[in-house]
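# Coordinate inspection notes
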Amino acid sequence: MIDGSLTSKRRSDMTSEERVRQFQIRLYRKAKQDKTFRFYVLYDKLSLGYMLKEAWKRVKQNKGAAGYDGMSISDVEKYGVEMYLSEIADEVRQEAYKAQPVLRVYIPKANGKLRPLGIPTVKDRIVQMCCKLVIEPIFEADFQDCSFGFRPKRSAKDAITRVKGHVATERLRQVYDADLSGFFDNIPHDRLMKLVEQRISDRRILKLIRMWLKTPVFEDNRLTKSKKGTPQGGVISPLLANIYLNLIDKAVSRPDGHFHRYGVRIVRYADDFILLARKIPQHCIEYLHSMLNRMGLEVNEEKTRLVNVQAEPFDFLGFTFRYDRDLFVKNRKYLNIIPRKKSAQAVRTKIREYLHRNGHKNPAELTKGLNPILRGWMNYYSITKVSYPQMEKRKLRWYMMESLHRYYRRKSQRKSKLYRQNAFEVLTSKYGLVDPSRYSVAN
């Protein structure tokens, strides 16, 4: 057994996270060592106490709303976490576990449109997390270095840094900015399962994944069968998406492949990806489209562009990449990476809406609510080796000053003490409000 090398005494000294990590390392090493090995004894791990405990911890950290059954994280805590996990373990062990419908909700996007989000029940999220913890290291051994989305120890920051290296250092100035139409909603179940089966032969694990893929969606008081796609919001959905799109990563990265001979590189974050090269031949783009078509996926032609970054900017993961004139060196340009205009507007909208909803809070409470918005924004756009531009920080600072001035002016009829003061300076100096112009990730 993969988990058998640890003595019982050693196991008792380890946390659930450590035991899961040790188990994952063994799976990863075996998968890396033998690229054709199919894992066949995995299902029993889903009912292990330490595995369920770690799955619950991660589901709780991710928060999330209640699903179809109306049971929330806090409801589970009131019921009793140990009892709840014990009941799940029994269901899984006896193969009596059944997935419940996925609750479909819609969240607003920056462009004003709505993004569909599928919310599984807390129980389903826990079992999916258990399954993800078990099978993820197996597929991690097969994933390419060019993908960064929803992978351990990888992030959007790494993807942006990689793009910067390709453009500025390797001088790959031609960029094919691709956009897939409704990727998560259109993944063909049969083709996805064939890829999963290349590594997993445990029929009970495969049965679980098929069950989650085909789970009906509850929307507008009715259930709809799921014939294709995997719901955004499902714990295991990002991993399944990476398994499917790994086909594209491998095709572009293969040393003897169609793309590599022309120096084409790919950087992918989930379903967002770009191709980069000194010059991307048209037949490479046509080959990519043909491959996506065979996979049952479609490129959104309206949002897909082929650009020369020296002449035209492009957007990726909320950033705009563009070459600007150097103010100090004549006839020289430098690669500038700044927040996309829509992304910059999004944080301002969040601040405005928060202030509008909280017109009666005292300065300490107001600061407590604003800081997570500002920190979340600044942390994302303050990237190692790709600094958040100081001009953008100053613009956000100025917006905060104006917004707080208007906020306290509205409260002036109630004789707000901060109306005739510089509210921003008072909140930053006395109450700890984040000052964007001085903030760094190290803070």
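This section reports on the structure supplied with the text. The structure presented is a predicted model; accordingly, all values stated were derived computationally and were not measured.

All right, on to the environment of Gly376 then. Mapped onto the elements, Gly376 comes out in helix H14 (residues 363–381). In this structure the C-alpha to C-alpha distance between Gly376 and Glu95, which are 281 residues apart in sequence, comes to 41 Å.

Taken together, the side chains of Leu327, Phe328 and Val329 make up a nonpolar region of the molecular surface, amounting to roughly 400 Å² of accessible area. Position of Leu327 relative to the elements: it lies in the loop between strand E10 (319–325) and strand E11 (333–339). Exposure remark for Leu327: the relative accessible area of 78% places this residue in the exposed category.

Glancing now at the sheet that holds strand E3 (residues 174–178). If you trace the 4 strands from one edge of the open sheet to the other, you get E6-E7-E3-E8, paired in antiparallel fashion. Across the chains shown, the open sheet's two edge strands, defined by having one partner strand only, are strand E6 (265–269) and strand E8 (305–308). Ignoring which end each strand starts from, the neighbouring axes of this sheet average 20° apart. Taken together, the 5 bridges between E6 and strand E7 (residues 272–277) define a ladder with antiparallel strand orientation. Looking at E7, one finds that Ile266 is bridged to Leu275.

Pairing in this open sheet of 4 strands is mixed, and the strands run E2-E1-E4-E5 from one edge to the other. With partners counted over all chains shown, the strands left at the sheet margins are strand E2 (114–119) and strand E5 (222–224), one partner each. Each strand of the sheet is rotated relative to its neighbour by a mean of 40°, with strand direction disregarded. Here strand E4 (residues 217–219) runs beside E5; their pairing, made up of 3 bridges, is antiparallel.

Basis of the calculations
- Numbering of residues begins from 1 in every chain and follows the order in which that chain's sequence is written.
- Confidence filtering applies because this is a predicted model: local features only for residues at pLDDT of at least 70, side-chain atom pairs given and counted only at 80 or more, and all residues used for totals across whole chains, interfaces and linings.
- The side-chain numbers reported here are obtained from all heavy atoms of the structure, hydrogens and water having been left aside.
- By definition, any uninterrupted DSSP run of H or I lasting at least four residues is a helix, any uninterrupted run of E lasting at least two residues is a strand, and each is numbered from the N terminus.
- Patches draw on residues past 30% relative accessible area with no salt bridge. Two like charges within 9 Å are joined, as are two nonpolar side chains (Val, Leu, Ile, Met, Phe, Trp, Tyr) within 5 Å.
- The protein chains shown are the only cover counted for residues, whose accessible areas, like all others here, come from Shrake-Rupley with a 1.4 Å probe.
- A pair is scored as a salt bridge if a Lys or Arg side-chain nitrogen falls within 4 Å of a carboxyl oxygen belonging to Asp or Glu.
- Each residue is assigned to one of three classes by its accessible area relative to the maximum for its type, calculated with a 1.4 Å probe on protein chains only: buried under 20%, partly exposed between the two thresholds, exposed over 50%.
- A pair of strands counts as paired when DSSP detects no fewer than two bridges linking them.
- Every axis corresponds to a line fitted to the C-alpha atoms, with the helix fit spanning only the stretch in contact, and the corresponding angles, defined between N-to-C directions, vary from 0 to 180 degrees.

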